[in-house]
Amino acid sequence: MIIMFEQLETAPPDPILGIGEAFKKDPNPNKINLSIGVYCDENGKTPVLKSVKKAEERILASEKTKNYVNPNSGTAEYCAAVQELLFGGGHEILASKRSVTAHTPGGTGALRVSGDFISFLKPGATVWLSDPTWPNHPGIFQASGLNVANYPYYDAGSRKLDFMPMLEALKKVPAGDFVVLHGCCHNPTGMDPTVNEWNAIAEVAAKQGWAPLFDFAYQGLADGVREDARGLSQFLAGGLEVYICSSFSKNFGLYNERVGALTLVADSESSAQKALSHLKRTIRTNYSNPPAHGSNIVTTILNDAALRKEWDGEVKGMRDRIAGMRQAFVNTLKAKGVAQDFSFLTTQKGMFSFSGLNKAHVDTLKEKYGVYIVGSGRINVAGMTPGNMDALCDAICKVLT
Ligand SMILES: Cc1ncc(COP(=O)(O)O)c(C=O)c1O
């Protein structure tokens, strides 16, 4: 037998999942986890949505088979529901059928299938990522054999979107390259472009001939399910091939069910169908068939008026709780006499914010106070609760003074 594992260097832990593992091992009863991007309710728990439970009850009662999903790119009902969520009912794209959707295991699965598809379409292509971005992005596209490059996104000094440098950089991206855009709730900064800024980016994409790839992992958690697609809608007028990676981990709370989708917008129905044939092939040689339970839940909820209404309300509840915690965090730090102004947090959207805390702050918060934050200073606001706010702000106050 040839011994090969022994010569391996141990791989570094994932920067975010590694923190989660360390948090689990920490015996401190008052520990606070603001690292991994998971929604928590006011009790610090990640709940199963009520609409999800009801859909599951219906599925349990009516399900007659565990046969493979057919076709392996997802059922027609699921794919139609995803497209309705992205484009809105009655959109021209739905009537012209110039869009296709493939059901993937989570948003990560959608990103990887898109990477493999791009690699087939244009071997060695370059995918442009915002600086900063979700730390998994470079690894996913590199694993597909693609090159990655960065465009400016965030100005740490002013704590604002670095819009003009971003636009100038996007004007230089060559035709045929790919640009990843966060649909809303930019991870990790929480800063999204305005509608006018989205419009300007879409104009540059059309003029330059690069393809936008939307990572849409938080639809509904910024301003509303439809409102959050405002950026995407600027790119749909025609002439552009658009990639959209949806995740239903956060907005449906279906993290461990692994449910997502890759939607491609093409210039015609026939181009879209050709692309779909390759997505099916990519899926077949990767995981062959998607996991069905999560997509059955999403389909059941989106296709039932009462469940859809209940889900809309639950997404609003998550959105409002996060916004409330942003405000409470800023107020509590101020009340504790922290000189630094954290009010920028209230203008950011979604679960994440760049707190401005540096590596030394992050290390001390973990070691002395059991507060876990990503090394970049990114905090998951959804990990804050009325119960941990005081202790959290006390700890931050101490490391800052
Ligand atoms: C920006 C971004 N994209 C994609 C994902 C992947 O989500 P999923 O868990 O559905 O694979 C995440 C999850 O944290 C994310 O933050």
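Residues numbered from 1 in each chain as written. Predicted model: local features only at pLDDT ≥ 70, side-chain atom pairs only at ≥ 80, totals over all residues. Heavy atoms only, no water.

This part takes up empty space enclosed by the protein. Evaluated as defined, the whole model comprises 1 cavity of 30 Å³ or more. Put simply, the largest cavity is a space of about 40 Å³. Among the residues forming the lining of the largest cavity, the class breakdown is 5 nonpolar, 2 polar and 1 charged. (1 Å grid on protein atoms, 1.4 Å probe; cavity = no way out; pocket = protein on both sides within 12 Å on 5 of 7 lines; lining within 4 Å. Points joined across faces, edges and corners; volume = space filled by probe spheres on them. Nonpolar A, V, L, I, M, F, W, Y, C, P; charged D, E, K, R; others polar.)

Tallied over the entire structure, the rule returns 15 salt bridges. In this structure, Asp-320 and Lys-316 form a salt bridge, with 2.6 Å as the shortest nitrogen-oxygen distance. With Asp-320 and Lys-316 both in helix H12 (residues 305-335) and 4 residues apart, this pair spans about one turn of that helix. Residue Asp-320 is classed as partly exposed on the basis of its relative accessible area of 39%. Owing to a relative accessible area of 41%, Lys-316 belongs among the partly exposed residues under this scheme. Linked by salt bridges that have partners in common, Glu-84, Arg-308 and Asp-312 make up one network. (Salt bridge = Lys/Arg side-chain N within 4 Å of Asp/Glu carboxyl O. Helix = DSSP H or I, 4+ residues; strand = E, 2+ residues; numbered from the N terminus. Buried < 20%, exposed > 50% of the residue type's maximum accessible area, 1.4 Å probe, protein only.)

Okay, the site of the ligand next. Looking at the ligand, the residues that line it are Gly-106, Gly-107, Thr-108, Trp-134, Asn-187, Asp-215, Ala-217, Tyr-218, Ser-247, Ser-249, Lys-250 and Arg-258. Here an oxygen atom of the ligand sits 2.7 Å away from a polar atom, N or O, in the side chain of Ser-247. Coverage of the ligand by the protein chains reaches 91% of its 400 Å² of free accessible surface. With respect to the detected pockets, the ligand is housed in the largest pocket. Looking at which element gives the most residues to the shell around the ligand, the answer is helix H5 (residues 106-121), with 3 residues. For the shell around the ligand, a count of residues per class yields 3 nonpolar, 6 polar and 3 charged. (Near = heavy atom within 4 Å. Polar contact = N/O pair within 3.5 Å; in protein donor to acceptor, adjacent residues only side chain to side chain. Areas by Shrake-Rupley, 256 points an atom, 1.4 Å probe, with all protein chains shown as cover. Sits in = over half its atoms within 2 Å of the grid points.)

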